[in-house]
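# Understanding the architecture of this molecule
Residues per chain, in single letters:
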Amino acid sequence: MTATITSISHYLPPDIYPNSYFEKYLDTSDEWIVARTGISERRFIKDGATSDMIVPAAKKCLEKRGLKPKDIDCIIVASVTPDHMFPSTACVVQNKLGAENAWGYDISAACSGFLFALVTAAKLVESGAAKHLLLCGADKMSSIVNFEDRAQAVLFGDGAGVCLIEKSDDPEMGILDSILHIDGSGGPYLNQVAGGSYRPASIETVNNKEHYIYQDGQAVFKAAVVGMADVSLEIMQKNNLTADDIAWLVPHQANLRIITATANRMGLDKEKVMININKYGNTTAGTIPICMSEWLNVGKIHKGDRLVLSSFGAGFTWGSVLLRWNMNE
Ligand code: COA
(Lines give C-alpha, C1' and ligand atoms only; values in the text may rest on other atoms or scores of the structure.)
Protein backbone atom coordinates (compact mmCIF):
# COMPACT_ATOMS: atom_id res chain seq x y z
CA MET A 1 0.00 0.00 0.00
CA THR A 2 1.24 3.47 -0.81
CA ALA A 3 0.11 6.99 -0.06
CA THR A 4 -0.22 9.65 -2.71
CA ILE A 5 -0.87 13.33 -3.32
CA THR A 6 -4.52 13.66 -4.34
CA SER A 7 -4.77 17.46 -4.53
CA ILE A 8 -2.33 20.35 -4.34
CA SER A 9 -2.54 24.12 -4.22
CA HIS A 10 -0.44 27.10 -3.25
CA TYR A 11 -0.60 30.71 -2.10
CA LEU A 12 1.85 33.50 -2.86
CA PRO A 13 1.41 37.01 -1.47
CA PRO A 14 0.49 39.56 -4.16
CA ASP A 15 3.24 42.07 -3.35
CA ILE A 16 6.29 41.63 -5.58
CA TYR A 17 9.75 42.88 -4.59
CA PRO A 18 12.14 42.94 -7.57
CA ASN A 19 15.93 43.06 -7.09
CA SER A 20 15.78 46.81 -7.73
CA TYR A 21 14.00 47.18 -4.37
CA PHE A 22 17.27 46.23 -2.59
CA GLU A 23 19.44 48.30 -4.92
CA LYS A 24 17.80 51.39 -3.41
CA TYR A 25 19.29 50.88 0.06
CA LEU A 26 21.87 48.05 -0.01
CA ASP A 27 25.24 47.79 -1.76
CA THR A 28 23.97 45.21 -4.24
CA SER A 29 22.88 44.95 -7.86
CA ASP A 30 20.40 43.06 -9.98
CA GLU A 31 23.35 41.61 -11.94
CA TRP A 32 25.02 40.21 -8.78
CA ILE A 33 21.80 38.71 -7.42
CA VAL A 34 20.78 37.08 -10.71
CA ALA A 35 24.29 35.76 -11.44
CA ARG A 36 24.98 34.36 -7.94
CA THR A 37 21.47 33.10 -7.03
CA GLY A 38 19.15 33.06 -10.08
CA ILE A 39 16.62 35.23 -8.21
CA SER A 40 14.95 38.23 -9.90
CA GLU A 41 12.04 38.88 -7.55
CA ARG A 42 10.27 37.51 -4.50
CA ARG A 43 6.97 38.03 -2.63
CA PHE A 44 6.54 39.30 0.93
CA ILE A 45 3.26 39.19 2.81
CA LYS A 46 2.34 42.62 4.20
CA ASP A 47 -0.17 41.63 6.86
CA GLY A 48 -0.65 38.23 8.35
CA ALA A 49 1.32 35.23 9.53
CA THR A 50 2.34 31.90 8.04
CA SER A 51 -1.11 30.43 8.75
CA ASP A 52 -2.68 33.24 6.69
CA MET A 53 -0.88 31.91 3.62
CA ILE A 54 -1.70 28.28 4.43
CA VAL A 55 -5.44 28.79 4.90
CA PRO A 56 -6.29 30.10 1.38
CA ALA A 57 -4.09 27.39 -0.18
CA ALA A 58 -5.76 24.74 1.99
CA LYS A 59 -9.26 25.93 1.04
CA LYS A 60 -8.40 25.68 -2.66
CA CYS A 61 -6.79 22.29 -2.16
CA LEU A 62 -9.88 20.89 -0.43
CA GLU A 63 -12.24 22.43 -2.96
CA LYS A 64 -10.36 20.80 -5.86
CA ARG A 65 -10.75 17.41 -4.17
CA GLY A 66 -14.39 18.00 -3.22
CA LEU A 67 -13.69 17.65 0.51
CA LYS A 68 -14.82 19.78 3.45
CA PRO A 69 -12.61 20.88 6.37
CA LYS A 70 -14.41 18.40 8.62
CA ASP A 71 -13.18 15.55 6.39
CA ILE A 72 -9.56 16.26 7.34
CA ASP A 73 -8.32 13.96 10.09
CA CYS A 74 -4.73 15.18 10.40
CA ILE A 75 -2.85 18.42 9.69
CA ILE A 76 0.95 18.62 9.48
CA VAL A 77 2.67 21.98 9.03
CA ALA A 78 6.33 22.21 8.05
CA SER A 79 7.74 25.65 8.84
CA VAL A 80 10.62 27.48 10.51
CA THR A 81 8.43 30.56 10.83
CA PRO A 82 5.43 29.21 12.74
CA ASP A 83 2.86 31.78 13.88
CA HIS A 84 4.07 31.16 17.46
CA MET A 85 6.58 28.93 19.25
CA PHE A 86 3.40 27.38 20.63
CA PRO A 87 0.60 26.55 20.04
CA SER A 88 1.55 24.83 16.80
CA THR A 89 0.59 26.38 13.49
CA ALA A 90 -1.28 23.12 12.81
CA CYS A 91 -3.63 24.11 15.69
CA VAL A 92 -4.01 27.64 14.28
CA VAL A 93 -4.80 26.29 10.81
CA GLN A 94 -7.22 23.69 12.23
CA ASN A 95 -9.14 26.44 13.99
CA LYS A 96 -9.15 28.88 11.06
CA LEU A 97 -10.34 26.17 8.68
CA GLY A 98 -12.87 24.70 11.08
CA ALA A 99 -11.30 21.25 10.63
CA GLU A 100 -13.09 19.99 13.72
CA ASN A 101 -12.11 16.32 13.30
CA ALA A 102 -8.37 16.83 12.82
CA TRP A 103 -5.38 16.35 15.09
CA GLY A 104 -1.96 17.50 13.99
CA TYR A 105 1.40 19.02 14.70
CA ASP A 106 4.31 21.01 13.25
CA ILE A 107 7.60 19.73 11.84
CA SER A 108 10.79 21.76 11.92
CA ALA A 109 13.35 20.73 9.31
CA ALA A 110 13.96 24.09 7.61
CA CYS A 111 14.28 23.80 3.82
CA SER A 112 13.77 20.02 4.07
CA GLY A 113 10.59 20.51 6.09
CA PHE A 114 8.19 19.62 3.30
CA LEU A 115 10.05 16.42 2.40
CA PHE A 116 10.35 15.26 6.01
CA ALA A 117 6.65 16.00 6.55
CA LEU A 118 5.68 14.28 3.29
CA VAL A 119 7.42 11.06 4.33
CA THR A 120 5.85 11.21 7.79
CA ALA A 121 2.42 11.91 6.29
CA ALA A 122 2.76 8.98 3.90
CA LYS A 123 3.54 6.64 6.82
CA LEU A 124 0.49 7.83 8.76
CA VAL A 125 -1.75 7.22 5.73
CA GLU A 126 -0.16 3.86 4.87
CA SER A 127 -0.67 2.66 8.44
CA GLY A 128 -4.33 3.70 8.43
CA ALA A 129 -3.76 6.26 11.20
CA ALA A 130 -4.93 9.04 8.85
CA LYS A 131 -7.18 9.02 5.78
CA HIS A 132 -7.33 12.60 4.56
CA LEU A 133 -4.14 14.31 5.71
CA LEU A 134 -3.56 17.99 5.01
CA LEU A 135 0.16 18.59 4.49
CA CYS A 136 1.34 22.20 4.53
CA GLY A 137 4.80 23.61 3.71
CA ALA A 138 4.91 27.33 4.38
CA ASP A 139 7.21 30.08 5.54
CA LYS A 140 7.05 33.79 6.13
CA MET A 141 10.80 34.26 5.76
CA SER A 142 10.38 38.04 5.83
CA SER A 143 9.70 37.67 9.58
CA ILE A 144 13.26 36.44 10.28
CA VAL A 145 15.36 37.93 7.46
CA ASN A 146 17.81 40.69 8.35
CA PHE A 147 16.96 43.23 5.65
CA GLU A 148 20.12 45.18 6.42
CA ASP A 149 22.37 42.22 5.48
CA ARG A 150 22.78 42.05 1.71
CA ALA A 151 24.04 38.46 1.90
CA GLN A 152 20.65 37.19 3.11
CA ALA A 153 18.04 39.90 2.40
CA VAL A 154 17.93 39.07 -1.30
CA LEU A 155 17.61 35.28 -0.94
CA PHE A 156 14.27 34.63 0.67
CA GLY A 157 10.54 35.04 0.05
CA ASP A 158 7.17 34.15 1.59
CA GLY A 159 4.77 31.49 0.34
CA ALA A 160 2.78 28.35 1.09
CA GLY A 161 2.04 25.05 -0.61
CA VAL A 162 -0.63 22.64 0.62
CA CYS A 163 -1.49 19.12 -0.48
CA LEU A 164 -3.73 16.27 0.51
CA ILE A 165 -2.19 12.89 1.23
CA GLU A 166 -4.48 9.89 0.87
CA LYS A 167 -4.22 6.18 0.14
CA SER A 168 -3.22 5.39 -3.44
CA ASP A 169 -5.62 3.23 -5.46
CA ASP A 170 -2.57 1.73 -7.21
CA PRO A 171 0.33 0.43 -5.07
CA GLU A 172 2.80 1.14 -7.90
CA MET A 173 1.96 4.86 -7.70
CA GLY A 174 2.33 7.56 -5.07
CA ILE A 175 5.20 8.08 -2.64
CA LEU A 176 7.48 5.14 -3.44
CA ASP A 177 10.79 5.74 -1.70
CA SER A 178 12.77 8.23 0.34
CA ILE A 179 16.28 8.86 1.66
CA LEU A 180 16.46 11.43 4.45
CA HIS A 181 19.37 12.70 6.53
CA ILE A 182 20.19 15.05 9.38
CA ASP A 183 23.65 16.15 10.52
CA GLY A 184 23.62 18.49 13.51
CA SER A 185 27.28 19.37 13.10
CA GLY A 186 26.06 21.70 10.32
CA GLY A 187 23.98 23.70 12.82
CA PRO A 188 26.46 26.54 13.35
CA TYR A 189 26.43 27.49 9.65
CA LEU A 190 22.73 28.32 9.35
CA ASN A 191 20.50 29.09 12.29
CA GLN A 192 18.43 31.52 14.31
CA VAL A 193 20.42 31.88 17.51
CA ALA A 194 17.95 33.49 19.87
CA GLY A 195 14.31 33.08 20.79
CA GLY A 196 14.49 29.46 21.93
CA SER A 197 15.43 27.99 25.31
CA TYR A 198 19.14 28.17 24.49
CA ARG A 199 19.06 31.94 24.27
CA PRO A 200 15.67 33.35 25.27
CA ALA A 201 14.67 36.64 23.64
CA SER A 202 15.96 39.71 25.49
CA ILE A 203 16.87 43.30 24.72
CA GLU A 204 20.44 42.10 24.26
CA THR A 205 19.53 39.37 21.73
CA VAL A 206 17.46 41.86 19.75
CA ASN A 207 20.24 44.48 19.83
CA ASN A 208 22.67 41.79 18.60
CA LYS A 209 20.19 40.87 15.83
CA GLU A 210 20.19 37.26 17.01
CA HIS A 211 16.50 36.90 16.22
CA TYR A 212 17.36 37.01 12.51
CA ILE A 213 18.81 34.29 10.27
CA TYR A 214 22.52 33.69 10.69
CA GLN A 215 24.13 32.14 7.61
CA ASP A 216 27.64 31.30 6.52
CA GLY A 217 26.65 31.33 2.86
CA GLN A 218 29.72 29.64 1.42
CA ALA A 219 29.75 26.79 3.96
CA VAL A 220 26.05 26.12 3.35
CA PHE A 221 26.53 26.37 -0.40
CA LYS A 222 29.34 23.79 -0.41
CA ALA A 223 27.41 21.35 1.77
CA ALA A 224 24.20 21.84 -0.23
CA VAL A 225 25.82 21.24 -3.62
CA VAL A 226 27.26 17.91 -2.43
CA GLY A 227 24.35 16.83 -0.21
CA MET A 228 21.49 17.50 -2.61
CA ALA A 229 23.29 16.14 -5.66
CA ASP A 230 24.47 12.97 -3.88
CA VAL A 231 21.11 12.07 -2.38
CA SER A 232 19.28 12.70 -5.68
CA LEU A 233 21.65 10.39 -7.54
CA GLU A 234 21.43 7.82 -4.74
CA ILE A 235 17.63 7.57 -4.94
CA MET A 236 17.86 7.08 -8.71
CA GLN A 237 20.44 4.32 -8.36
CA LYS A 238 18.60 2.64 -5.49
CA ASN A 239 15.51 2.39 -7.71
CA ASN A 240 17.42 1.45 -10.90
CA LEU A 241 16.29 4.61 -12.67
CA THR A 242 18.05 6.47 -15.45
CA ALA A 243 17.49 10.10 -16.41
CA ASP A 244 15.06 8.89 -19.10
CA ASP A 245 12.80 7.38 -16.43
CA ILE A 246 12.39 10.69 -14.60
CA ALA A 247 9.87 13.27 -15.76
CA TRP A 248 10.78 15.99 -13.26
CA LEU A 249 13.34 16.92 -10.67
CA VAL A 250 11.57 19.06 -8.07
CA PRO A 251 14.46 20.70 -6.23
CA HIS A 252 14.33 22.96 -3.22
CA GLN A 253 14.82 26.48 -4.57
CA ALA A 254 17.70 28.03 -2.59
CA ASN A 255 20.17 28.89 -5.32
CA LEU A 256 20.03 28.19 -9.07
CA ARG A 257 23.66 27.02 -8.97
CA ILE A 258 22.79 24.32 -6.39
CA ILE A 259 19.83 23.22 -8.55
CA THR A 260 22.00 23.05 -11.69
CA ALA A 261 24.70 21.03 -9.91
CA THR A 262 22.05 18.53 -8.76
CA ALA A 263 20.50 18.19 -12.22
CA ASN A 264 23.95 17.70 -13.78
CA ARG A 265 24.84 14.99 -11.28
CA MET A 266 21.61 13.17 -12.19
CA GLY A 267 22.26 13.61 -15.91
CA LEU A 268 18.97 15.49 -16.34
CA ASP A 269 18.34 18.10 -19.03
CA LYS A 270 17.28 21.45 -17.65
CA GLU A 271 13.89 21.01 -19.38
CA LYS A 272 13.16 18.34 -16.73
CA VAL A 273 13.88 20.58 -13.75
CA MET A 274 11.19 22.64 -12.03
CA ILE A 275 12.62 26.12 -11.48
CA ASN A 276 10.72 29.13 -10.16
CA ILE A 277 13.39 30.58 -7.85
CA ASN A 278 13.62 33.52 -10.27
CA LYS A 279 10.09 34.61 -9.27
CA TYR A 280 9.83 33.66 -5.60
CA GLY A 281 13.32 33.25 -4.07
CA ASN A 282 13.67 30.71 -1.28
CA THR A 283 10.34 30.18 0.50
CA THR A 284 11.94 27.41 2.64
CA ALA A 285 9.26 24.75 3.36
CA GLY A 286 7.11 26.22 0.59
CA THR A 287 9.36 25.74 -2.44
CA ILE A 288 8.67 22.13 -3.41
CA PRO A 289 4.86 22.09 -3.08
CA ILE A 290 4.62 25.51 -4.76
CA CYS A 291 6.59 24.15 -7.73
CA MET A 292 4.42 21.04 -8.07
CA SER A 293 1.22 23.08 -7.76
CA GLU A 294 2.33 25.59 -10.41
CA TRP A 295 3.47 22.91 -12.84
CA LEU A 296 0.23 20.96 -12.38
CA ASN A 297 -1.82 24.11 -13.00
CA VAL A 298 -0.25 24.49 -16.44
CA GLY A 299 -0.66 20.81 -17.32
CA LYS A 300 3.01 19.90 -17.12
CA ILE A 301 2.64 16.92 -14.75
CA HIS A 302 0.86 13.81 -15.99
CA LYS A 303 -0.41 10.64 -14.37
CA GLY A 304 2.41 8.09 -14.17
CA ASP A 305 5.21 10.69 -14.20
CA ARG A 306 8.15 9.88 -11.93
CA LEU A 307 9.22 12.86 -9.83
CA VAL A 308 12.35 13.14 -7.71
CA LEU A 309 11.91 15.72 -4.93
CA SER A 310 15.18 16.90 -3.34
CA SER A 311 16.14 19.34 -0.63
CA PHE A 312 18.93 20.66 1.56
CA GLY A 313 18.57 22.97 4.52
CA ALA A 314 19.51 24.12 7.99
CA GLY A 315 20.36 21.42 10.46
CA PHE A 316 21.83 20.25 8.19
CA THR A 317 18.81 18.39 6.82
CA TRP A 318 18.61 16.87 3.36
CA GLY A 319 16.93 14.17 1.38
CA SER A 320 15.11 12.91 -1.68
CA VAL A 321 11.69 11.42 -2.29
CA LEU A 322 10.69 9.37 -5.32
CA LEU A 323 7.05 9.61 -6.24
CA ARG A 324 4.93 8.53 -9.13
CA TRP A 325 2.18 11.01 -9.90
CA ASN A 326 -1.25 9.44 -9.40
CA MET A 327 -3.62 12.27 -10.22
CA ASN A 328 -5.54 12.76 -13.42
CA GLU A 329 -5.05 16.18 -14.99
N1 COA B 1 25.14 41.81 -3.44
C2 COA B 1 26.42 42.05 -3.73
N3 COA B 1 27.44 41.43 -3.13
C4 COA B 1 27.13 40.51 -2.20
C5 COA B 1 25.81 40.18 -1.85
C6 COA B 1 24.78 40.87 -2.51
N7 COA B 1 23.49 40.64 -2.27
N8 COA B 1 25.83 39.23 -0.93
C9 COA B 1 27.12 38.95 -0.67
N10 COA B 1 27.91 39.73 -1.44
C11 COA B 1 29.37 39.80 -1.49
C12 COA B 1 30.03 39.29 -0.24
O13 COA B 1 30.03 40.28 0.75
C14 COA B 1 31.41 38.98 -0.74
O15 COA B 1 32.14 40.18 -0.81
P16 COA B 1 33.68 40.20 -0.39
O17 COA B 1 34.37 39.29 -1.36
O18 COA B 1 34.03 41.64 -0.54
O19 COA B 1 33.73 39.70 1.03
C20 COA B 1 31.15 38.50 -2.17
O21 COA B 1 29.85 38.96 -2.53
C22 COA B 1 31.20 37.01 -2.32
O23 COA B 1 30.46 36.45 -1.27
P24 COA B 1 30.23 34.92 -1.16
O25 COA B 1 29.49 34.61 0.09
O26 COA B 1 31.50 34.22 -1.42
O27 COA B 1 29.28 34.70 -2.44
P28 COA B 1 28.68 33.39 -2.96
O29 COA B 1 29.01 33.24 -4.37
O30 COA B 1 28.95 32.23 -2.03
O31 COA B 1 27.11 33.69 -2.89
C32 COA B 1 25.25 33.11 -1.50
C33 COA B 1 26.50 33.97 -1.64
C34 COA B 1 24.62 33.41 -0.14
C35 COA B 1 24.29 33.49 -2.61
C36 COA B 1 25.64 31.63 -1.63
O37 COA B 1 26.72 31.35 -0.77
C38 COA B 1 24.53 30.69 -1.31
O39 COA B 1 23.55 30.59 -2.03
N40 COA B 1 24.67 29.91 -0.22
C41 COA B 1 23.69 28.91 0.13
C42 COA B 1 22.47 29.58 0.66
C43 COA B 1 21.39 28.61 0.96
O44 COA B 1 21.21 27.68 0.25
N45 COA B 1 20.68 28.91 2.05
C46 COA B 1 19.49 28.28 2.43
C47 COA B 1 19.67 26.90 2.88
S48 COA B 1 18.98 25.84 1.78
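Residues numbered from 1 in each chain as written. Predicted model: local features only at pLDDT ≥ 70, side-chain atom pairs only at ≥ 80, totals over all residues. Heavy atoms only, no water.

### Points about the overall build of the chain
Scanning the chain for helices and strands turns up eleven helices and 13 strands. By the compact-globule yardstick of 20 Å for 329 residues, the chain fits well, its C-alpha radius of gyration being 19 Å. Seen through its principal axes, the chain has C-alpha atoms that stretch 55 × 45 × 35 Å. Across the chain, contacts joining residues at least 24 apart in sequence account for 76% of those joining residues at least 6 apart. (Helix = DSSP H or I, 4+ residues; strand = E, 2+ residues; numbered from the N terminus. Rg over C-alpha atoms; globule rule 2.2 N^0.38 Å. Contact = heavy atoms within 4.5 Å.)

### Brief notes about helix α3 (residues 50-65)
Between its terminal C-alpha atoms α3 stretches 23 Å, which fits the 22 Å expected from 16 residues at 1.5 Å a residue. For α3, the full list of buried residues reads T50, S51, M53, I54, V55, A57, A58, C61 and L62. Looking one or two residues beyond α3, the residue adopting positive phi is G66, at roughly 75 degrees. (Expected span 1.5 Å × (residues − 1). Buried < 20%, exposed > 50% of the residue type's maximum accessible area, 1.4 Å probe, protein only.)

### Observations regarding the site of the ligand
Around the ligand, the surrounding shell holds 24 residues, and the nearest of these are T28, R36, Q215, Q218 and N255. Here G217 contributes a backbone N or O atom positioned 3.0 Å from a nitrogen atom of the ligand. At 2.7 Å from an oxygen atom of the ligand is found a side-chain nitrogen or oxygen belonging to N255. Isolated, the ligand exposes 960 Å² of accessible area, and the fraction of that covered by the protein chains is 74%. Elements with a minimum of two residues in the shell around the ligand: α2 (30-37), α6 (150-153), α8 (217-238), α9 (256-266) and β12 (306-313). (Near = heavy atom within 4 Å. Polar contact = N/O pair within 3.5 Å; in protein donor to acceptor, adjacent residues only side chain to side chain. Areas by Shrake-Rupley, 256 points an atom, 1.4 Å probe, with all protein chains shown as cover.)

### What about the nonpolar core?
The nonpolar side chains of soluble globular proteins are, as a tendency, buried together. Among the nonpolar cores identified, the biggest contains 41 residues, and I213, L249, M266, L268 and V308 are the most heavily contacted of them. Tallying contributions element by element places α8 first for this core, with seven residues. A domain-level breakdown of this core finds at least three residues from each of domain 1 (3-167) and domain 2 (174-324). Each residue touching L249, except ones within four places of it in the same chain, is listed here: T262, A263, M266, L268, K272, V273, M274, V308 and S310. (Core = buried A, V, L, I, M, F, W, Y, C linked by side-chain atoms within 4.5 Å. Domains from an automatic or database assignment.)

### Some remarks on the sheet that holds β12
With respect to topology, four strands assemble into an open sheet ordered β8-β13-β12-β11, the strand pairing being mixed. At either end of the open sheet lies a strand with only one pairing partner, and these are β8 (174-182) and β11 (248-251). When strand polarity is set aside, the average angle formed by the axes of neighbouring strands in this sheet is 15 degrees. In terms of strand pairing, β8 meets strand β13 (residues 317-324) through eight bridges, oriented antiparallel. Bridged to G174 within β13 is R324. (Pairing = 2+ DSSP bridges. Axes fitted to C-alpha atoms, helices over the stretch in contact; angles between N-to-C directions.)

### Notes on the packing of aromatic side chains
Within the structure shown, the criterion is met by eleven aromatic pairs. Their ring planes at 40 degrees and their centres at 6.4 Å tell us that F22 and Y25 sit as a pair that is tilted. Judged by relative accessible area, which is 0%, F22 ranks as buried. Each ring, one from Y189 and one from F316, has its centre 6.1 Å from the other, and the planes form 15 degrees; the classification is stacked. On the criterion of sequence distance, the pair formed by Y189 in the loop between β8 and β9 (190-191) and F316 in the loop between β12 and β13 is long-range, its members being 127 residues apart. On the basis of relative accessibility, which here comes to 34%, the residue Y189 falls in the partly exposed class. What links up through ring pairs into an aromatic cluster is the set Y17, Y21, F22, Y25, F44 and F147. (Phe/Tyr/Trp six-rings, centres within 6.5 Å; stacked < 30°, edge-to-face > 60°.)

### Looking at the sheet that holds strand β1 (residues 3-11)
With mixed pairing, five strands are arranged side by side in an open sheet as β1-β7-β6-β4-β5. Here the strands that pair on one side only, and so sit at the sheet edges, are β1 and β5 (103-107). Each adjacent strand pair in this sheet contributes to an overall mean axis angle of 20 degrees, direction not counted. In this sheet, strand β7 (residues 158-167) lies alongside β1 in antiparallel orientation, the contact comprising eight bridges. Within the sheet, the bridge partner assigned to A3 lies in β7 and is K167. Each of β1, β4 (74-78), β5, β6 (133-140) and β7 is contacted by helix α5 (residues 113-127), which is oriented at about 170 degrees to β6, the strand it contacts most.

### Some points on the side chain of T89
For T89, the location among the structural elements is in helix α4 (residues 89-97). In this structure, T89 is in contact with S51, I54, V77, P82, D83 and D106, ignoring residues within four places of it in sequence.

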